[in-house]
Amino acid sequence: MTAKTHRTHKEVDPGTQSLIDRIADDSSLKAPPMPKRPNLKSGTTKSKLQALSRYIHAFEYNHTGKSYFKMSRDRGLKHVHFTAREIIREALPIQCVEAVFLAVHLTAELECLDLRVPLSFKSKCGEAHYRHIVLAVRDASTGKWGSLGISRRKVLAFKEPTFESLSTLVLDFQLSYKQCDHDLVKVYLGLPFPSGLHSVDPIKWRVLKQELTDEWAKKVDKYSKDCNWVREYHLSTGGLPEPYNGTTKEPKAAVPKNKKRRRKKKKKKAVDEPADEEYDPEKYTEDDEVLGSDSEDESGCESDGAVVASDGG
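Analysis parameters
- Residues numbered from 1 in each chain as written.
- Predicted model: local features only at pLDDT ≥ 70, side-chain atom pairs only at ≥ 80, totals over all residues.
- Heavy atoms only, no water.
- Helix = DSSP H or I, 4+ residues; strand = E, 2+ residues; numbered from the N terminus.
- Contact = heavy atoms within 4.5 Å.
- Phe/Tyr/Trp six-rings, centres within 6.5 Å; stacked < 30°, edge-to-face > 60°.
- Buried < 20%, exposed > 50% of the residue type's maximum accessible area, 1.4 Å probe, protein only.
- Core = buried A, V, L, I, M, F, W, Y, C linked by side-chain atoms within 4.5 Å.
- Salt bridge = Lys/Arg side-chain N within 4 Å of Asp/Glu carboxyl O.
- Axes fitted to C-alpha atoms, helices over the stretch in contact; angles between N-to-C directions.
- Parallel < 35°, antiparallel > 145°, perpendicular 65-115°, else oblique.
- Left-handed = near helix turned anticlockwise from the far one by under 90°.
- Nonpolar A, V, L, I, M, F, W, Y, C, P; charged D, E, K, R; others polar.
- Pairing = 2+ DSSP bridges.

**Topic: the overall build of the protein**
Next up, step 1: The number of helices and strands found in the protein is 7 helices and 6 strands.
Next up, step 2: In the protein, the order of α-helices and β-strands from amino to carboxyl end is α-α-α-α-β-β-β-β-α-β-β-α-α.
Next up, step 3: Sequence-distant contacts, at least 24 apart, represent 63% of the contacts inside the protein between residues at least 6 apart.

Structure representation (C-alpha cells):
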C-alpha cells in the first residue's frame, strides 16, 4: 500500500514518502482522533469564541517549520475557505497562517461578530525578526475586541473579547510579547473579511503598516473605524485611499524669492550606453513576502524559533 499525499500538500522527498508508507502499512497504529467541530447555534459571543479556540488548538501546533498545505495570499477568499476545508478534512498540525484560515472560515456566518480583521506582528529578539498573525474579531453587541489563532505560546493566540478598542488588544499583545522576551516593533492590519462562505472578494492582508512609535494607538483605532469604507473603496477602485495607499508626500520647502531654481542639464547618454532599468516598486517593497513562506525573516507566520520563553505554548 502506498499512501498518497493530498493534492493541496507540498511535494515530499522519497525518504519522507517511505516513512509515510511504513506508517500507513502498520495495522497496529490507531488513527488519531479527529477534532470535533463545535456547535455554534447557541451561546454568547464569548462562549462561541472559546469553543472555536479549543477546536483550532485541537489540531495541535506544527513544530516542523514546514506547512502541510499550499497557501497563497493572492488567491482571494474562495481559496481561504477551500484550504480551511482541507485542513478540517486532513486534521494535520497547523501553524498560525492555517489557524487564521480556519478562523476566517469558521466565523464566516457568525452574526455576533461585525468585524474580522487580519492582524499581523513583526517582533524582534536579539538581532532576529519574527512574524506572526491572528484574526482580530469584534463583538457586535458590546463592540469589544478579541482574537483567534494558534501559537506555541498561548498568550500570542486566543484573546477573549474584553478589549474596549483595537489598540488595547494590540497593547495586550505587546505585553504578551514582552513575556516571551520579544519586542513588538510593527503591526499590520488588513481589510475586514466579508461575511458568508461564498464571497469571491480579493483579500488585502496589509493595509495599515504601523510601527509602535508615538500615537500608534490613535492610528490603529482610526483604522478600525475606517476599515469598512476602505474595503468598499478597494472593491470599487482596486486601490486604497489616503493615507493607506502609501502615496502621501511631504510638502516641498518653499524657495526664497531672491533665489531661483537652477535647472540641471540632462546628461546625454552615449549611443552604446544601455538604458537604465525601469524601477518596479513591486520588486523593492518591504512587505512583498508570500504569506506563510518558510523564510525566518519574511514569513507571514511565526518562524521556527520565534518564541523561546519557558512558559505557555
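What follows picks up the thread again.
**Digging into the packing of aromatic side chains**
Next up, step 1: Overall, the coordinates contain 6 aromatic pairs when judged by the stated rule.
Next up, step 2: Between F101 and W205 the ring centres are 6.0 Å apart and the planes differ by 10°, which places this aromatic pair in the stacked class. Of this pair, F101 sits in helix 4 (residues 96-106) while W205 sits in the loop between strand 5 (183-189) and strand 6 (208-211), placing them 104 residues apart in sequence. This pair shows no difference in class: F101 is buried, exactly as W205 is.
Next up, step 3: Pairing F193 with W205 gives two aromatic rings, centres 5.8 Å apart and planes at 70°, and the pair type is edge-to-face. Taken together, the residues F193 in the loop between strand 5 and strand 6 and W205 in the loop between strand 5 and strand 6 connect sequence positions 12 residues apart. With respect to class, F193 is no different from W205; both count as buried.
Next up, step 4: A network of ring pairs unites the aromatic residues F101, F193 and W205 as a single cluster.

**Here's the deal with the environment of A140**
Next up, step 1: Summarising the element assignment, A140 is placed in the loop between strand 2 (128-139) and strand 3 (145-148).
Next up, step 2: According to the relative accessible area criterion, A140 is partly exposed, its value standing at 39%.
Next up, step 3: Considered as a pair, A140 and C112 are 28 residues apart in the sequence and their alpha carbons are 5.3 Å apart.

**So, the nonpolar core**
Next up, step 1: Counting 38 residues, the largest nonpolar core has F59, I94 and W205 as its most contacted members.
Next up, step 2: For this core, the secondary-structure elements that each account for two or more residues are helix 2 (45-57), helix 3 (76-90), helix 4 and strand 2.
Next up, step 3: Element by element, the count of residues in this core is highest for helix 4, at 9 residues.
Next up, step 4: Core analysis: the second largest hydrophobic core is formed by 29 residues, L119, F121, L166 and W216 among them.

**Brief notes about the pattern of salt bridges**
Next up, step 1: In this structure the tally under the stated criterion is 9 salt bridges.
Next up, step 2: Measuring nitrogen to oxygen at the nearest pair gives 3.0 Å for the salt bridge that ties R138 to D114. Within this pair, whereas R138 is found in strand 2, its partner D114 is found in strand 1 (residues 113-125), the two being separated by 24 residues in sequence.
Next up, step 3: Here D226 makes a salt bridge to K222, at a shortest N to O gap of 2.6 Å.

**A few points about the packing of helix 2 against helix 4**
Next up, step 1: Put simply, helix 2 and helix 4 touch, their axes get as near as 11 Å, and they point 140° apart. Of the possible angle classes, the one that applies to helix 2 and helix 4 is oblique. In this structure, helix 2 meets helix 4 at a crossing whose hand is right-handed. Each of L52, Y55 and I56 in helix 2 lies in contact with helix 4, whose residues at this interface are A99, A103 and L106.

**Some remarks on the environment of R85**
Next up, step 1: Mapped onto the elements of the fold, R85 is located in helix 3.
Next up, step 2: The partly exposed category is assigned to R85, whose relative accessible area is 35%.
Next up, step 3: For the pair R85 and H105, spaced 20 residues apart in sequence, the C-alpha to C-alpha distance is 8.2 Å.
Next up, step 4: Among residues more than four places away in sequence, those in contact with R85 are H105 and L197.

**A few points about the packing of helix 5 (residues 166-179) against helix 6 (residues 216-237)**
How two helices pack is summed up by the angle between their axes together with the distance between the axes.
Next up, step 1: Closest axis-to-axis distance for the helix 5/helix 6 pair is 8 Å, and the angle between their directions is 130°. Relative to helix 6, helix 5 is oriented oblique. Counting all contacts with helix 5, which are made through L166, S167, V170, L171 and Q174, the residues of helix 6 involved are W216, A217, V220, D221 and S224.
Next up, step 2: Residues of the contact of helix 5 with helix 6, tallied by class, amount to 6 nonpolar, 3 polar and 1 charged.

**Quick word on the pairing of strand 6**
Next up, step 1: Burial along strand 6 is one-sided: the face carrying L208 and Q210 is buried and the face carrying K209 and E211 is not.
Next up, step 2: Relative to strand 6, strand 5 is paired through 4 bridges, and the arrangement is antiparallel. Considered in strand 6, the bridge of Y188 is made with K209.

Any functional reading would require information that these geometric values do not contain.
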